[in-house]
Amino acid sequence: QKEVEQDPGPLSVPEGAIVSLNCTYSNSAFQYFMWYRQYSRKGPELLMYTYSSGNKEDGRFTAQVDKSSKYISLFIRDSQPSDSATYLCAMSGSMFSGGYNKLIFGAGTRLAVHP
Amino acid sequence: KAGVTQTPRYLIKTRGQQVTLSCSPISGHRSVSWYQQTPGQGLQFLFEYFSETQRNKGNFPGRFSGRQFSNSRSEMNVSTLELGDSALYLCASSGGADRGDIQYFGAGTRLSVL
């Protein structure tokens, strides 16, 4: 079983829809939770970063972390065709557990937003 | 401010050869991490260097190695290439003055092994 599970999709939604992307994980040592967006033939670009549990909002994007359930989510409101990309969740442990800069990624969910 | 720069962008090699990839981090960043991305395995952590020392290592064979120079630039080497080494190799830097725990990725080097 992988440490981080993410449905690879693909997920196809109409423009303006609310998109929900999720990951589950098994390692309770994870403290830092990130969402990256990757366009075709590009490197991952950081979208959201959260430490421990809680919600974080940035424009149309909201990230949620529930450490008790080992479950993280990314919501995209008013989705646009330019949001079409692969969304990767990533996690890392604390500085003291030795996993500080070792990101563990989900498989990535391919999202297509059609006009 | 320039981002993470990886060279070359594309490489074609044959089985048994070796290859060296280069990564220049964002100015001021001291940590460089390397990842391998394949359709089957996704993004996997290779290793991390901080102040010229390997601080963390993933589960890859010894054919994969790296180093970091005093200016924080890093190189990754793969010896005795196998077909399965074909992948996008990504470098990420972190350890800047303001948000040191966020990794910023380069565009990657796409390696094809024939």
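See the structure shown above.
Below you will find a few notes about this structure. The structure presented is a predicted model; accordingly, all values stated were derived computationally and were not measured. Each residue is numbered by its place in its chain's sequence as written, counting from 1. Naming scheme: in the order in which they are written, chains are lettered from A and ligands are numbered from 1. It should be noted that, the model being predicted, local features are given only for residues of pLDDT at least 70 and side-chain atom pairs only at 80 or more, the latter also being counted only at that level, while totals for whole chains, interfaces and linings use all residues. Excluded from the side-chain calculation are hydrogens and water; included are all heavy atoms of the structure.

A word on the pairing of strand S8 (residues 71–76) of chain A. All names here are of chain A. Here, strands pair whenever DSSP counts at least two bridges between them. Segments assigned H or I by DSSP are reported as helices when at least four residues long, segments assigned E as strands when at least two residues long, and all are numbered from the N terminus. The sheet contact formed by strand S3 (residues 19–25) and S8 spans six bridges and is antiparallel. If you follow Ser20 over to S8, its bridge partner there is Phe75. Between the antiparallel neighbours strand S7 (residues 61–66) and S8 lie four residues, among them Lys70 with a positive phi of about 55 degrees.

This part is about the sheet that holds strand S8 (residues 74–78) of chain B. Residues and elements named next belong to chain B. If you trace the four strands from one edge of the open sheet to the other, you get S1-S3-S8-S7, paired in antiparallel fashion. Strand pairing shows two members of the sheet lacking a second neighbour, strand S1 (5–7) and strand S7 (64–68), which therefore form its edges. For this sheet the average axis-to-axis angle between neighbouring strands, irrespective of direction, equals 20 degrees. For S7 and S8, the ladder comprises five bridges, and the chain directions are antiparallel. Residue Phe64 lies in a different strand from S8, and its bridge partner there is Val78. Axis definition: a line fitted to C-alpha atoms, over the contacting stretch in the case of helices. Angles run 0 to 180 degrees between N-to-C directions.

On to the sheet that holds S8(A), then. All names here are of chain A. A sheet is described by the order of its strands in space; here five strands give the open sequence S1-S3-S8-S7-S6, paired in antiparallel fashion. Because the sheet does not close on itself, it has two edges, and the strands there are strand S1 (4–5) and strand S6 (54–58). Two elements, S1 and S3, share two bridges in a ladder whose sense is antiparallel. Each bridged residue has a counterpart across the sheet, and for Val4 the counterpart in S3 is Tyr25.

All quantities given are derived from atomic positions and should not be read as evidence of function.
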